[in-house]
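# Examination of the molecular architecture
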Amino acid sequence: MITWPNFVSQVFNGLASGALLALISSGLTIIYGTLGVLNLAHGAMFMLGGYAGYVAYHATGSFLLAVVVGALFMVVVGAVVERVLIRRFYDRPHEDQILLTFGIGIVIVELVRLGFGSLTLSVPPPAWAAGVTPMGFLIYPTYRIVVLAIAGVALALLYLVLYRTRLGMIVRAGIEDSGMVGMLGINIDRVFMLVFGIGAMAAGFAGIVNAPVVSLTPDLGSSILVQTFVVVVIGGVGSFPGAILGGLVAGEILSLTSMVDPAYSEVMLFVVMTLVLVLRPQGLLGVPGRA
Amino acid sequence: MDSLAIGALRRRTVLRAGAGLAAASALPFGWSHPAAAAEPAMGTWPAGSSGDTVYVGITVPRTGTYAVQGEDELKGYMLAVEHINAGDPLIRAMSPRTTKGVLGKKVAYVVADSEAKPNTAVQAQSRFISENKVILMTGSTSSAVAVALNKLAQREKVLYVAGISGSNDTTGKDCVRYGFRQCFYGQTAAAALSPVLIKNLGKNKKVAYLTPDYTYGHTVQKSMEEYLKAGGWTTVTDQVAPLGAADYSSYLLNISNSGADVLVNINFGHDAVLSIQQARQFGILGKQTLIVPYQTPFLARDVGADLMAGVYAATDFWWTIQDAYPLAKMFVASFEKKFGYKPEWGAENAYMQFALWAGAVEAAGTFYPPAVIKSYEEGRHTPSLVGDVWWRGADHQLVHPVFIVRGRKAADMKSPDDYYEVLETVPGEGVMQAPDAFGCKLGPYT
Amino acid sequence: MSRRLPLLVEGLTALGLVLAPFVLPTLHFAPDTVNQILIWGLFGIGFDILFGYTGLLSFGQSALYGTGGFIAAYLLTNSLMTSVLAALLVGTVGAALAGVLVGLIALRRTGIYFAMITVAIAETFFFVENSPLSAWTGGENGLPGVPAPDFRIGTLTWTVGTGWSMYWFLAACYFIAIVLALRIVRSPVGAILTAIRDNPQRARAVGHAVGAYKLTAFVVAAAFAGFAGGLLGVQQGFMPPDAFTFDTSGQLVMQTVIGGSAALFGPLLGAAVWLSLRDFLQAGLGLGGAWRLVLGVVFVVLIVFLRRGLIGGALDLVRSLSGRAQPAEAPEEAASVALAAPALVSIAGRRRHDAGFSGPVLEAQGLTKIYGGLAANRDIDFTVEEGELRGVIGPNGAGKSTFFKMLTCEVPPTAGRIRFHGRDITGFDVSRVCQLGLTKSYQVNQLFARQTVWQNVVIAALAERRGLFRLDMLRRIDRVPGLETQVEQTLALVGLTARAAVPVASLAYGEKRRLEIALALAASPTLLLLDEPLAGMSPRERTETVQLLKNIRRGRTLVIVEHDMDAVFELAERITVLHEGRKLAEGTPAEIQGNSFVQDAYLGGVSAA
């Protein structure tokens with residue numbers, strides 16, 4: 001159904017879902033860039049963040065508090081996972097790290113299932129963001145507009161942290177040259193713990209923000225994980241701007257192709273990924289020679 | 001005894017001697033030759049029913065997106081087994097010859113997580129057949145699993161009664177002699193629901209479909225389109241979404257911009273819950289009437305009364321029909337007493353499948369599978385939770401009513417579980433296709 | 001792989017498969033469970049070749065499993081083929097072809113990228129099977145009615161039934177698969193795959209077409225997956241759509257890791273553990289849906305503490321119990337290596353060039369390398385004559401390493417041309433350059449760390465014997481003509497003959513350095529570049545290595561980058577001095593010592609120290 005209003009609606013929708021994907025993907029990229037670890041538990045952390053937000057919301061009744069508490073909880077989860085498990089794996093092959101995070105992901109999903117069951121749980125959007133907002137010929141759920149704004153702000157904050165702080169300097173140094181971080185004479189252990197925590201938080205935070213849009217189940221993370229991978233491959237592994245661009249591209253593909261034949265929008269995502277791999281293997285904004 | 005069983009190969013001449021051959025299962029290492037199984041011993045018979053206890057194998061999803069429906073179904077089976085062994089009056093109403101157990105034997109069940117995957121279900125049931133010598137298999141929350149188990153049943157010569165299975169194919173082109181389905185399906189749902197919709201909503205409506213991209217979804221969509229034509233309803237868009245899509249925003253935007261009056265949401269399970277919740281977010285539910293042709297158990301509890309208000313749905317069972325059906329009242333009461341909530345139709349369907357099976361076996365007087373099947377096929381009318389029902393011998397589908405319900409406003413609910421009002425009870429025989437219309441060929445008894 | 005009992009593993013496998021139906025029922029294994037274990041095990045053989053042997057962790061195996069399975073099932077259920085075996089074969093070939101396509105895309109990247117791409121590919125295949133192709137695959141219903149095979153020999157007929165009858169068919173398939181797989185891993189290709197796993201850069205540098213071998217491993221794994229997929233349909237009489245789901249890939253990975261990788265039997269053991277634990281947790285302990293959690297925890301614990309899985313753990317245990325855990329330490333005496341008399345072993349560089357060409361061996365013009373605006377090398381002209389021993393010196397940061405990397409085509413120059421025996425090799429792959437007879441030894445050892453000295457040299461010698469790429473997957477490695485002699489001579493030349501069976505990890509540093517040189521030598525180069533061969537050596541090791549260098553220069557041309565001035569001035573006939581990325585001077589040792597620029601820039605500093 002290609003009509004002008006629908007086209008504009010879908011472009012906007014692509015932006016909204018793309019921004020969220022970008023946020024999740026940037027977490028994956030930061031972790032990989034600094035620690036050299038591909039986090040296959042990222043989808044599970046997205047899901048866990050949603051459940052953390054759910055618990056916090058029902059304990060406090062405040063959506064904002066739920067977001068804050070949930071995000072902090074995810075930092076702690078990330079840091080603990082890094083401290084207890086990931087740390088043992090820095091000098092082991094990439095493949096071992098991947099297997100480890102894959103296993104962690106399964107354990108998280110099944111723990112949540114054990115604790116919360118498989119019935120869907122939902123977090124209502126805050127009262128001030130319920131309902132729909134008419135935007136000219138486009139009617140759009142208010143809360144999704146809020147999600148777009150939140151994701152935008154979160155990405156901007158991440159940008160500030162990465163490009164304007166000492167921690168960010170270290171992380172970016174790691175992204176550009178993983179050997180260099182060791183030479184800077186920094187307490188690597190603590191930085192790595194923090195970075196994994198921040199990466200987990202990016203996923204978990206997105207999970208909380210997304211909870212009022214897509215209600216929670218333990219299996220929520222798996223499809224997100226695949227989309228995140230596609231985003232990162234399109235954008236370029238280890239590139240923060242690449243994660244953002246990749247996220248937006250993926251969001252637009254999913255939305256715009258649905259106008260032609262919705263059954264194929266998911267497959268179009270993979271077609272574009274393949275094209276990028278063939279034409280520009282390092283990703284749109286990736287640096288050749290890495291990974 | 002076949003002395004050549006020491007080797008892998010058998011002489012054809014011996015094969016031709018057919019009648020003298022021993023039961024395949026008696027051969028060392030289980031060498032077998034299905035074509036030669038002319039002897040009465042077949043499947044798990046008589047091994048499965050030679051002791052004091054007979055086993056039934058249950059596979060339902062206990063993990064994954066259908067786990068809720070699976071657990072509900074399992075509770076229905078558990079209650080039925082308990083009632084059969086105790087000779088509960090409810091069972092005896094549906095299976096008059098039952099005293100305690102089935103043919104005097106205690107019924108026990110073994111259960112495995114099917115993860116809603118055909119492969120896992122088939123593997124688990126195969127294990128039950130060889131390990132527990134189950135004489136009956138059951139359980140499914142999707143037609144993929146039901147069809148797979150149908151085929152397993154036919155191959156292994158062990159009866160299978162389906163759980164939830166909405167595809168026309170289960171008793172259509174994928175029907176088998178050894179498989180039976182009780183619940184309603186795409187065709188009956190569409191045929192029963194459409195006239196009610198036209199009556200309540202008027203003629204010449206514009207319809208948007210949200211269809212899950214698999215066989216079940218497409219068949220239901222086609223059936224609905226077909227039956228709604230009678231009222232001059234036209235399709236403005238059919239949004240096909242992949243199974244398990246989390247975010248329906250792009251589909252819903254297309255629907256929102258399509259100018260439809262009515263949204264027919266064919267999604268099942270978790271997909272139904274998510275797509276309905278998101279349709280509300282997009283302000284669609286205010287503008288378009290939502291119709292759910294194939295109601296998912298727990299849908300109303302999951303999405304809440306305010307979303308379900310005014311929604312039209314077809315279903316196999318809703319607990320408030322108990323006002324019209326005394327047996328349903330007994331069932332709802334026992335179920336709630338044991339499990340603490342009102343049963344959904346997955347549990348009701350499960351319970352009835354076992355009750356009707358007990359009745360068929362008692363009527364046959366033997367566990368010998370072809371005799372039990374013939375007992376099913378007699379077309380015997382039986383009182384049930386939903387009134388008088390009978391099996392169609394030609395496609396093994398139970399003839400029973402379809403209930404058309406509409407979501408109540410929260411204010412109109414008389415109790416916390418009173419989500420729907422029953423608009424109409426549509427008798428089964430009128431809405432069912434001819435038994436061979438979907439290409440059903442049942443296959444051999446042996 | 002015992003040489004005395006060449007078919008020991010095959011024999012034990014056959015014995016085990018024959019005994020299983022008698023033993024396993026007493027352990028409460030149902031025949032269907034055993035059959036599933038066999039199929040997972042067969043599926044995993046291919047994955048183990050890909051992951052355990054080649055080091056490529058793929059989460060996309062379900063795509064190929066499903067492809068093979070559905071092709072076979074489609075042919076059989078639509079009566080396009082009547083022979084089950086033929087349909088299985090077509091499915092296997094189909095999966096292999098799909099493997100070529102998928103491999104060409106996924107293998108464009110390595111490491112984590114590769115893993116991510118395979119995840120996406122698994123999802124794509126599932127989607128395509130489930131939706132656009134549902135008319136052929138039955139969509140979510142799969143394809144029911146897959147027949148079982150029957151065999152006729154003369155008047156004898158065996159129709160495969162279910163249960164233990166099916167077992168014999170599957171066991172035969174598994175046996176054939178394992179025999180094939182054993183041959184593959186014992187072939188030259190198998191050795192090269194492990195080399196790629198342990199050190200892909202070096203495998204390429206000694207002259208193997210790494211990309212082509214990786215694709216080979218991927219396609220082999222795809223074929224095994226396709227075959228297993230076909231068997232799944234036959235075993236169940238039904239081809240399930242969930243063969244295609246990502247979960248299938250995940251389960252395969254977990255089973256392989258639990259059982260043990262790089263052992264071929266790991267996936268079989270892992271599947272046995274997985275399936276029996278699943279049933280036990282569900283039925284025995286009544287855990288219901290929590291069984292996956294327990295298996296997930298088991299998996300994580302194994303990854304952390306028992307990386308080589310149950311088989312690896314068992315082997316380690318046996319080894320430590322039999323007291324052979326510690327390979328002999330380098331004996332003190334052995335360090336004073338009896339370097340073989342040069343007359344006895346001299347493996348001259350093998351000429352691969354036009355005999356008529358009489359110009360310089362190597363000729364570089366205007367070589368320039370710029371990294372992000374900084375010039376590492378600028379406009380270097382460099383010529384080496386046949387038989388020459390050239391020294392290249394320069395202070396730290398002079399750009400010597402970059403210069404060497406450009407000469408062997410490890411990095412492409414930003415500008416300039418390189419000619420080798422008159423042939424322009426600019427932009428060639430490093431493996432091809434090595435095949436032409438130009439290779440180098442590395443400043444930092446680049447060895448195949450998980451293998452023995454002998455195996456290391458074999459890997460390098462294989463490139464010399466077999467060329468860039470050859471698919472001799474079913475040939476035994478000891479049947480490669482001339483390989484053993486080549487390896488023995490190389491080891492004798494560097495004085496490591498007595499240490500041939502020692503794992504690299506147990507070598508002394510000096511020995512590792514010599515092995516490093518041996519890897520380059522085994523390629524029989526006509527021009528050998530040595531990047532700081534004396535770095536980090538004790539005085540005695542240094543003396544021996546200088547002697548070694550004198551030995552190996554017979555019949556070939558050498559270029560040595562070295563910090564050790566005394567050695568360079570002792571060995572080299574001509575010396576090139578690099579300074580700040582440019583060529584500062586070139587001449588005989590005497591000329592260089594007398595060059596005032598060099599003294600200012602470099603030697604002055606040294607003599608002042």
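Definitions and limits used
Residues numbered from 1 in each chain as written. Chains lettered and ligands numbered in written order. Predicted model: local features only at pLDDT ≥ 70, side-chain atom pairs only at ≥ 80, totals over all residues. Heavy atoms only, no water. Helix = DSSP H or I, 4+ residues; strand = E, 2+ residues; numbered from the N terminus. Rg over C-alpha atoms; globule rule 2.2 N^0.38 Å. Buried < 20%, exposed > 50% of the residue type's maximum accessible area, 1.4 Å probe, protein only. Contact = heavy atoms within 4.5 Å. Areas by Shrake-Rupley, 256 points an atom, 1.4 Å probe, with all protein chains shown as cover. Lys, Arg positive; Asp, Glu negative; His and termini not counted. Charge placed at Lys NZ, Arg CZ, Asp CG, Glu CD. Pairing = 2+ DSSP bridges. Axes fitted to C-alpha atoms, helices over the stretch in contact; angles between N-to-C directions. Buried area = accessible area lost by both parts, 1.4 Å probe. Salt bridge = Lys/Arg side-chain N within 4 Å of Asp/Glu carboxyl O. Polar contact = N/O pair within 3.5 Å; in protein donor to acceptor, adjacent residues only side chain to side chain. Domains from an automatic or database assignment. Nonpolar A, V, L, I, M, F, W, Y, C, P; charged D, E, K, R; others polar. Patch = residues over 30% accessible without salt bridge, like charges linked within 9 Å, V, L, I, M, F, W, Y side chains within 5 Å. Expected span 1.5 Å × (residues − 1). Bend = angle between axes of the 7 residues up to and from the residue.

Looking only at helices and strands, chain A features eleven helices and two strands. Beginning at the N terminus, the succession of helices and strands in chain A can be written as α-α-α-α-β-β-α-α-α-α-α-α-α. Compactness check: chain A gives a C-alpha radius of gyration of 19 Å against a globular reference of 19 Å for 291 residues, within 12% of the reference. Summarising its shape, the C-alpha atoms of chain A cover approximately 55 × 50 × 35 Å along the three principal directions. When the 291 residues of chain A are sorted by exposure, 62% land in the buried category. Relative to all contacts within chain A whose residues are 6 or more apart in sequence, the contacts with residues 24 or more apart total 77%. Here chain A displays about 10,400 Å² of accessible surface, and carbon together with sulfur accounts for 72% of that area. Of the charged side chains in chain A, 12 are positive and 12 negative, and the gap between their average positions amounts to 10 Å.

Let us look at the sheet that holds strand β11 (residues 312–315) of chain B. Residues and elements named next belong to chain B. With mixed pairing, seven strands are arranged side by side in an open sheet as β8-β7-β9-β10-β11-β14-β15. Lying at the two open borders of the sheet, with one neighbouring strand each, are β8 (234–241) and β15 (420–426). Each adjacent strand pair in this sheet contributes to an overall mean axis angle of 20°, direction not counted. When strand β14 (residues 402–407) meets β15, the two strands line up antiparallel, connected through six bridges.

Below, the discussion takes up the interface of chain B and chain A. Counting residues at the interface gives 28 residues for chain B, matched by 33 residues for chain A. Summing both partners gives a buried area of about 2,400 Å² for chain B against chain A, and 53% of it is carried by carbon and sulfur. On the chain B side of the interface with chain A, the three residues burying the most area are L253(B), N254(B) and Q281(B), jointly 22% of the side's total. For the pair chain B and chain A, the interface holds one salt bridge. With a closest N to O distance of 3.2 Å, D247(B) and R144(A) form a salt bridge. Linking chain B with chain A are twelve residue pairs in polar contact (both at pLDDT 80 or more). Of all elements in the fold, only α2 (67–86), β8, α8 (249–256) and α9 (270–281) of chain B reach the threshold of two or more residues within the side of chain B that touches chain A.

Residues and elements named next belong to chain B. Entries for chain B in the domain assignment read domain 1 (3–36), domain 2 (47–184 + 322–401) and domain 3 (187–293). Across the contact, ten residues belong to domain 2 and twelve residues belong to domain 3. Together, the buried faces of domain 2 and domain 3 total about 810 Å²; carbon and sulfur atoms form 62% of this surface. Contact with domain 3 buries area across many residues of domain 2, yet Y66, N168 and F184 alone supply 51% of it, more than any other trio. Here domain 2 and domain 3 share zero salt bridges between them.

With that settled, consider the sheet that holds strand β5 (residues 362–371) of chain C. Residue and element names in this part refer to chain C. The strand order β6-β5-β8-β9 describes an open sheet built from four strands, whose pairing is antiparallel. Single-partner strands in this sheet number two, and they are β6 (374–384) and β9 (423–424). Where strand β8 (residues 415–420) lies against β9, two bridges are found, and the strand directions are antiparallel. By the bridge assignment, R419 is partnered in β9 with D424. In the packing of helix α15 (residues 400–407) onto the sheet, the strands contacted are β5, β6 and β8, and the crossing angle to β5 comes to about 120°.

We now examine the interface of chain C and chain A. Interfaces are often sized by the amount of accessible area the parts lose when they come together. The interface is formed by 38 residues belonging to chain C together with 42 residues belonging to chain A. When the two sides are added together, the surface that chain C and chain A hide from each other amounts to roughly 3,500 Å², 79% of it contributed by carbon and sulfur. Contact with chain A buries surface across chain C, with I112(C), Y113(C) and M116(C) losing the most and accounting together for 19% of the total. Between chain C and chain A we count two salt bridges in total. When the shortest N-O distance is used, the salt bridge between R307(C) and D96(A) registers 2.4 Å. There are eight residue pairs in polar contact (both at pLDDT 80 or more) connecting chain C and chain A. Put simply, the parts of the chain that give the side of chain C that touches chain A at least two residues each are α5 (111–130), α11 (246–259) and α13 (291–305) of chain C. Here the element with the most residues in the side of chain C that touches chain A is α5(C); it accounts for twelve residues. Its residues assigned to classes, the side of chain C that touches chain A comprises 26 nonpolar, seven polar and five charged.

Further remarks concern a nonpolar patch on the surface. Residues L8(C), L12(C), L15(C), V18(C), L19(C), F22(C), V23(C) and L27(C) make up a contiguous nonpolar surface patch of about 710 Å² in total accessible area. Residue placement: F22(C) occurs in helix α1 (residues 8–23).

With that settled, the discussion passes to α1(C). Residue and element names in this part refer to chain C. Taking 1.5 Å of rise per residue, the 16 residues of α1 would be expected to cover 22 Å, and the 21 Å separating its terminal C-alpha atoms lies within 8% of that figure. The largest bend in α1 amounts to roughly 25° and is located at L17, with the proline P21 lying one to four residues further along. E10, T13, L17, A20 and P21 are the residues of α1 that are buried. Close packing links the buried residues of α1 with α2 (31–53) and α7 (164–185).

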